[in-house]
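Residues per chain are reported as follows:
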Amino acid sequence: MEPQRKTDSGKPVFSRFRDLGRQQLNVELQVHTNWTDGQATVLEVLQTAKERGLAELAFTEHVREDTSWFPDFKAEILSAADGFGDLRVYVGCETKAMDGDGRLDVSRSVLDACDIVLGVVHRLPDGRGGYLDFRQLSFERTAEIEFRLSMGMIANAAIDVLGHPGGMSLRRYGQFPENYFRKLMTATLARGIAIEINSSYLVDMPAFLALCDEINPFVSIGSDAHKLSDLGRCRDKLLELGVGLT
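Values in this document were obtained by computation on a predicted structure and should not be read as measured data.

Next up on the list: the overall build of the protein chain. Secondary structure summary: the protein chain contains nine helices and eight strands in total. In terms of overall dimensions, the protein chain has C-alpha extents of about 50 × 45 × 35 Å along its principal axes. For the protein chain, buried positions account for 57% of its 246 residues. Of all intrachain contacts in the protein chain linking residues separated by at least 6 positions in sequence, the fraction that spans at least 24 positions is 75%. When the accessible area of the protein chain is evaluated, it comes to approximately 11000 Å², of which 46% is carbon and sulfur surface. Of the charged side chains in the protein chain, 28 are positive and 36 negative; the average position of the first set lies 3 Å away from that of the second.

Along the chain, Leu 104 turns up in the loop between β4 (88-96) and α4 (108-113). Owing to a relative accessible area of 9%, Leu 104 belongs among the buried residues under this scheme. The sequence separation of Leu 104 and Ala 75 amounts to 29 residues, and the corresponding C-alpha distance is 23 Å. Setting aside anything within four residues of it in sequence, one finds Leu 104 in contact with Thr 95, Lys 96, Ala 97, Met 98, Met 153, Ala 157, Ala 158 and Ile 159.

Time to look at the pattern of salt bridges. Per the stated rule, a full pass over the model turns up 13 salt bridges. One salt bridge in this structure joins Asp 133 and Arg 135, with 3.0 Å as the shortest N-O distance. Assessed through its relative accessible area of 27%, Asp 133 is described here as partly exposed. Residue Arg 148 is joined to Glu 144 by a salt bridge in which the shortest nitrogen-to-oxygen separation is 3.9 Å. Within this pair, Arg 148 and its partner Glu 144 are both found in helix α5 (residues 139-156), separated by four residues, close to a single helical turn. Since its relative accessible area comes to 38%, Arg 148 is described here as partly exposed.

Inspection of the secondary structure assignment puts Lys 96 in strand β4. Each C-alpha atom, one on Lys 96 and one on Ile 193, is 16 Å from the other, the two residues being 97 residues apart in sequence. Apart from residues no more than four positions distant in its own chain, Lys 96 is found in contact with Arg 64, Arg 103, Leu 104, Asp 105, Val 120, His 122, Arg 123 and Tyr 131.

As a further point, take helix α8 (residues 205-215). Within the sequence span of α8, burial applies to Met 205, Phe 208, Leu 209, Leu 211, Cys 212 and Ile 215. Here the buried residues of α8 occupy an arc of 155° about the axis, which is enough to place them on one side. At its buried positions, α8 is contacted by β1 (15-16), α7 (178-191), β7 (194-198), β8 (218-222) and α9 (233-240). Near the N-terminus of α8, the side chain that reaches the backbone nitrogen of Ala 207, with its oxygen 3.2 Å away, is that of Asp 204. Phi turns positive one or two residues past the end of α8, at Asn 216, with a value near 60°.

Unoccupied space between atoms shows up once a probe the size of one water molecule is rolled over them. Taken as a whole, the largest pocket holds about 270 Å³ of empty space. Taken together, 16 residues form the lining of the largest pocket, with Val 13, Phe 14, Ser 15, Gln 24 and Glu 56 sitting closest to its centre. Put simply, the parts of the chain that give the lining of the largest pocket at least two residues each are α1 (22-25), β2 (27-31), β4 and β8. Among the elements that take part in the lining of the largest pocket, β8 stands out by supplying three residues, more than any other. Within the lining of the largest pocket, the residues separate by chemical class into nine nonpolar, four polar and three charged.

Looking now at the packing of aromatic side chains. All chains considered together, the criterion is met by 10 aromatic pairs. Residues Phe 147 and Tyr 180 carry aromatic rings whose centres are separated by 4.3 Å and whose planes lie at 10° to one another, so their mutual orientation is stacked. Residue Phe 147 is located in helix α5, and its partner Tyr 180 is located in helix α7; the two are separated by 33 residues in the primary sequence. For the pair shown, Phe 147 and Tyr 180 are each scored as buried.

Here the focus is the sheet that holds strand β5 (residues 116-120). What the eight strands build is an open sheet, ordered β1-β8-β7-β6-β5-β4-β3-β2; its pairing is mixed. Edge positions in the sheet fall to β1 and β2, since each of these pairs with one other strand and no more. As judged from the three bridges shared by β2 and strand β3 (residues 56-62), these two strands associate in the parallel manner. Each residue of the ladder has a partner; that of Glu 28, found in β3, is Leu 57. Each of β1, β7 and β8 touches α8; the most contacted strand, β7, lies at about 155° to it.

Quick notes on the rules
- Residues numbered from 1 in each chain as written.
- Predicted model: local features only at pLDDT ≥ 70, side-chain atom pairs only at ≥ 80, totals over all residues.
- Heavy atoms only, no water.
- Helix = DSSP H or I, 4+ residues; strand = E, 2+ residues; numbered from the N terminus.
- Buried < 20%, exposed > 50% of the residue type's maximum accessible area, 1.4 Å probe, protein only.
- Contact = heavy atoms within 4.5 Å.
- Areas by Shrake-Rupley, 256 points an atom, 1.4 Å probe, with all protein chains shown as cover.
- Lys, Arg positive; Asp, Glu negative; His and termini not counted.
- Charge placed at Lys NZ, Arg CZ, Asp CG, Glu CD.
- Salt bridge = Lys/Arg side-chain N within 4 Å of Asp/Glu carboxyl O.
- Arc of directions from axis to C-beta.
- Polar contact = N/O pair within 3.5 Å; in protein donor to acceptor, adjacent residues only side chain to side chain.
- 1 Å grid on protein atoms, 1.4 Å probe; cavity = no way out; pocket = protein on both sides within 12 Å on 5 of 7 lines; lining within 4 Å.
- Points joined across faces, edges and corners; volume = space filled by probe spheres on them.
- Nonpolar A, V, L, I, M, F, W, Y, C, P; charged D, E, K, R; others polar.
- Phe/Tyr/Trp six-rings, centres within 6.5 Å; stacked < 30°, edge-to-face > 60°.
- Pairing = 2+ DSSP bridges.
- Axes fitted to C-alpha atoms, helices over the stretch in contact; angles between N-to-C directions.

Pasting the structure below:
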């Protein structure tokens, strides 16, 4: 039986890769503001998203288990979004894997408040409450740990999207094993989770898209936007590569 995505009115609905058209591409589902490490305000992001013609926008701020400001963040978004009725706005978070079993660095209250949850690998836990030093790890070891943490989230975590897959290896080494990408896509499809096409991290987007075309996973479109000029960048890159044009 083919996995089904949730269709709650307040949540994004993800398409499988081969079903992407212009409408499905016209979204920005990873945005950061000055609530954490972004450069723009919520209102500035909304204004720019409207100017760029985006149809859907997800604010996915970085959170941790002790994050206390999320209710105020959500309230600001909901209030500001009232003035942009033609733009569908989601409140979400980006949270990192803490172990290979899928434990996330986020509180239950934040998860319950989200329309979309991105699970990512940002740091590599050492199993003793700290983190491994990337400088002391080979590419092979970094990729293996990142893959294991990602698979744990796919299997067990309350996430909607596997965000910037392979991102730590891509940022440090410019590569991530194709067989790992293939296994991640297959696993996300089996559970009905979207895998992110992220224009900020992907070094070889055409190769990643070729795998998407082969496996046909559910996908999420994200630019990892930290400044206004980033908004819609992933959409535009995909259109340049011919995705969604047929």
